[in-house]
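Topology and contacts: notes
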Amino acid sequence: MVRTPLPTALTGVLTGVLVVALSACGGAAHAPSPADADVRPADAQVSEQRQSQPGDVPPELEPALAGTPRRPTTPAEAAAMVVAAQRVVRSSDPDAELLAAAGHTAQLAVREVATRDRWMSRVLAVLPARDRLWLSSNVAARRELRSMHPTTDADLADELPAWRIVPPAPARTLLRSYREAERRFGVDWEYLAAINLVETAFGRIRGTSVAGAQGPMQFIPTTWDIYGAGGDIDDAHDAILAAGRLLRANGFARDKAAALWRYNNSWAYVRGVTHHARVMQRDPRQLRGYLAWQVYYLTRVGSVWLPEGYAHRRPVPVRSYVADHPERLP
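Below or above, wherever it landed, is the structure these notes cover.

About the cut-offs
Residues numbered from 1 in each chain as written. Predicted model: local features only at pLDDT ≥ 70, side-chain atom pairs only at ≥ 80, totals over all residues. Heavy atoms only, no water. Phe/Tyr/Trp six-rings, centres within 6.5 Å; stacked < 30°, edge-to-face > 60°. Patch = residues over 30% accessible without salt bridge, like charges linked within 9 Å, V, L, I, M, F, W, Y side chains within 5 Å. Areas by Shrake-Rupley, 256 points an atom, 1.4 Å probe, with all protein chains shown as cover. Salt bridge = Lys/Arg side-chain N within 4 Å of Asp/Glu carboxyl O. Lys, Arg positive; Asp, Glu negative; His and termini not counted. Charge placed at Lys NZ, Arg CZ, Asp CG, Glu CD. Helix = DSSP H or I, 4+ residues; strand = E, 2+ residues; numbered from the N terminus. Buried < 20%, exposed > 50% of the residue type's maximum accessible area, 1.4 Å probe, protein only. Core = buried A, V, L, I, M, F, W, Y, C linked by side-chain atoms within 4.5 Å. Expected span 1.5 Å × (residues − 1). Contact = heavy atoms within 4.5 Å. 1 Å grid on protein atoms, 1.4 Å probe; cavity = no way out; pocket = protein on both sides within 12 Å on 5 of 7 lines; lining within 4 Å. Points joined across faces, edges and corners; volume = space filled by probe spheres on them. Axes fitted to C-alpha atoms, helices over the stretch in contact; angles between N-to-C directions. Parallel < 35°, antiparallel > 145°, perpendicular 65-115°, else oblique. Left-handed = near helix turned anticlockwise from the far one by under 90°. Nonpolar A, V, L, I, M, F, W, Y, C, P; charged D, E, K, R; others polar. Pairing = 2+ DSSP bridges.

With that settled, consider the packing of aromatic side chains. The geometry of an aromatic ring pair is captured by the separation of the ring centres together with the interplanar angle, meaning the angle of the planes. This model, assessed by the stated rule, comprises eight aromatic pairs. On the numbers, 6.0 Å between centres and 25° between planes, the contact of tryptophan 261 with tryptophan 267 is stacked. An aromatic cluster is defined as three or more aromatic residues linked by ring pairs; in this entry it consists of Phe219, Trp224 and Tyr263.

As a further point, take a positive patch on the surface. On the surface, Arg164, Arg206, Arg313 and Arg314 cluster together to form a positively charged patch. Within the element layout of this structure, arginine 313 appears in the loop between β5 (302-306) and β6 (316-317). A relative accessible area of 83% means that arginine 313 is categorised as exposed.

Turning our attention to the nonpolar core. With 74 residues, the main nonpolar core has Leu135, Tyr178, Phe202, Phe219, Leu247 and Tyr263 as its most contacted residues. It is helix α5 (residues 96-115) that contributes the most residues to this core, ten residues altogether. One finds Trp163, Ile205, Val295 and Leu306 within the second-largest nonpolar core, a separate group that totals 14 residues.

This next bit is on helix α13 (residues 267-282). Helix length check: α13, at 16 residues, gives a terminal C-alpha distance of 22 Å against a target of 22 Å (1.5 Å per residue), a fit within 8%. Taken together, the buried positions of α13 are occupied by Ala268, Tyr269, Val270, Gly272, Val273, Thr274, His276, Ala277, Val279 and Met280.

Relative to the assigned elements, alanine 239 resides in helix α11 (residues 236-249). Using a relative accessible area of 0% as the deciding quantity, one classes alanine 239 as buried. Sequence-wise, alanine 239 and glycine 228 are eleven residues apart; in three dimensions their C-alpha atoms are separated by 7.0 Å. Discounting residues that sit within four places of it in the chain, alanine 239 has contacts with Pro216, Met217, Phe219, Trp224, Asp232 and Ile233.

A word on the layout of surface pockets. For the largest pocket, the calculated volume is near 680 Å³. In this structure, the largest pocket is lined by 26 residues; those nearest its centre are Ala96, Leu99, Arg288, Leu291 and Ala292. Contributions of two or more residues to the lining of the largest pocket are made by α3 (62-65), α5, α8 (171-185) and α14 (286-290). Sorting elements by how many residues they give to the lining of the largest pocket places α5 first, with five residues.

Attention now moves to unusual backbone geometry. Backbone phi values are negative for most residues with the exception of glycine, while trans is the configuration of most peptide bonds. In the Ramachandran plot, glutamine 218 falls in the positive-phi region, its phi being about 55° despite a non-glycine side chain. Inspection of the secondary structure puts glutamine 218 in the loop between β3 (205-206) and α10 (221-227). Assessed through its relative accessible area of 2%, glutamine 218 is described here as buried. With a phi close to 55°, alanine 229 is a non-glycine residue in the positive phi region. By secondary structure assignment, the location of alanine 229 is in the loop between α10 and α11. In this structure alanine 229 comes out as exposed when scored by relative accessible area, which is 57%.

Relative orientation of the contacting elements α11 and helix α12 (residues 256-263) amounts to 120°, with a least axis distance of 9 Å. Compared by their axis directions, α11 and α12 come out oblique. In terms of crossing hand, the pair formed by α11 and α12 is right-handed. Facing Ala243, Leu246 and Leu247 of α11, the residues of α12 in contact are Ala259, Leu260 and Tyr263. For the contact of α11 with α12, the per-class residue count stands at six nonpolar, no polar and no charged.

On to the environment of glycine 231, then. Residue placement: glycine 231 occurs in the loop between α10 and α11. The exposure class assigned to glycine 231 is partly exposed, which follows from its relative accessible area of 30%. C-alpha separation for the pair glycine 231 and alanine 242, spaced eleven residues apart in sequence, amounts to 8.6 Å. Setting aside chain neighbours within four positions, we find glycine 231 in contact with Trp224 and Asp238.

We now examine the pairing of strand β4 (residues 295-299). Counting buried positions along β4 yields five of five residues, so the element is predominantly enclosed. Burial along β4 is two-sided: the face carrying Val295, Tyr297 and Thr299 and the face carrying Tyr296 and Leu298 are both buried. Between β4 and β5, which pair antiparallel in sequence order, lie two residues.

Right, let's get into the pattern of salt bridges. Taken as a whole, this structure holds twelve salt bridges when the rule is applied. Where arginine 90 meets aspartate 131, a salt bridge forms, and the shortest distance between an N and an O atom there is 2.7 Å. Here the residue arginine 90 occupies a position in the loop between α4 (75-89) and α5, and aspartate 131 occupies one in helix α7 (residues 129-146), the gap between them amounting to 41 residues. The class of aspartate 131 is buried, set by a relative accessible area of 4%. A single network of salt bridges, built from pairs that share partners, joins Arg90, Asp131, Asp283 and Arg285.

The structure is reproduced here in structure tokens:
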């Protein structure tokens, strides 16, 4: 069925840039190695590793905690990273730095598993049930969003964007805004959070698109004039409420998928956002895990981590940036 889209908050070009930043593959998939056969139960591996590591920090989280994140190199390592990270995310009162490392570590596991078809069944086979569902949903989201963009190196960027990467608002602050929009406009808060994640990593990305889209929920000014209610396009609270208004106008109560498609005219986008939203519907604590996910920008040399503090007024040649910051190409 063909639908006539209502005014949209996004443009295809802009979403292409931002979704690549969050959902692109971490470089080319590698051929399986003999170590791929090492798929001991993740809990057992975590226990063994902890016996050789002093302190309370799971060893799987130490690289991200130290600012030198690493991708998993085997299915067993990927599984252990998910288990360790999810234990922190689901804990009652996690330390803020440990939670940040846990979210980043889980993200790296998702990114790597999503690029390696032969890993998926091996990782799932050794994960606890709720971690299997978490990983399956996030890998599915990543693959959907990645499918919207180029697959050959020649079509990928050789420069990093002229963005600023800033800290997001606290989880409690964002959740209050999501829930206010849910009450006022009938849009499930988890969908608003998922859009916020996919568009700008919860407002981490500061930069105007070539089409002029702005703010944490990425509105173009003409659409903002309709749904912004006189607010500030760069303010997280105002932007989240505007997204609620737009989704309500697009018929979210009748057909969630159609409303999301009108937010961004891509069914892959709809499916990716929906996967992330359902993860949070099953476990609201996953919001704080997602809030720790970092900005990765896909380039010809791989996905480059743009940490908080990255700030450039002009595009940056990616090879020179990675030469100066090798830890940002995990």
